[in-house]
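Close look at the chain arrangement
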Amino acid sequence: MCLAVPGKILRMEDRDGTLMSVVDFGGVQKDVCLQYIPDAQVGEYVVVHVGFAIQRLDEESAIQTLAEFERLGVLDEEFGDGFELAAQQAGLTDPEETR
C-alpha cells in the first residue's frame, strides 16, 4: 500500500539543486523532496506521497491523522520492512529461524 502520510519538516537543505528535507512521521524520519512546495518551512506539516511533499496540512489535522494511522497499524505497514510484513501475511516464518 502506498499512502499519503502527514509529517513535520525537521530540516531542509539543497541537495544537488533539489530542495530536500527530513520529515518526521510520528517518530519515523525520512528524506522527502520539497520541490512541489518550495516555500515550505521547518516546523510545518506536509502530506507526503512516495517521497514527495504534495501539500501543507495544519498541525491539528496532521496529529489526528497520524494518531489514527498509528491506531490502525498503518504506519508500521507503510514504513516497516515490507518483505517481513509480506512473509507474515503469507504465514511464513522468519527464514533465519528455520536454519
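Scope of this entry: the structure provided in the associated data block. (Residues numbered from 1 in each chain as written. Predicted model: local features only at pLDDT ≥ 70, side-chain atom pairs only at ≥ 80, totals over all residues. Heavy atoms only, no water.)

A separate point is unusual backbone geometry. Within the chain, Asp16 stands out as a residue other than glycine whose phi angle is a positive 55°. Here Asp16 lies in the loop between β1 (4-15) and β2 (18-25). The backbone of Val50 sits at a positive phi, close to 40°, despite the residue not being glycine. Tracing the sequence through the fold places Val50 in the loop between β4 (45-49) and β5 (52-57). Classification of Val50 by relative accessible area gives exposed; the value is 52%. (Helix = DSSP H or I, 4+ residues; strand = E, 2+ residues; numbered from the N terminus. Buried < 20%, exposed > 50% of the residue type's maximum accessible area, 1.4 Å probe, protein only.)

This part takes up the nonpolar core. In terms of nonpolar packing, the biggest core is built from 16 residues, with Val5, Ile9, Phe25, Val32, Leu34, Val46 and Ala53 touching the most fellow members. Of all the secondary structure elements, the ones that give two or more residues to this core are β1, β2, β4, α1 (59-72) and α2 (74-79). Element by element, the count of residues in this core is highest for β2, at three residues. Counting only domains with at least three residues in this core, you end up with domain 1 (1-57) and domain 2 (58-91). Contact partners of Val46, with chain neighbours within four places excluded, come to Val5, Pro6, Gly7, Ile9, Ile37, Ala53, Gln55, Arg56 and Leu57. (Core = buried A, V, L, I, M, F, W, Y, C linked by side-chain atoms within 4.5 Å. Domains from an automatic or database assignment. Contact = heavy atoms within 4.5 Å.)

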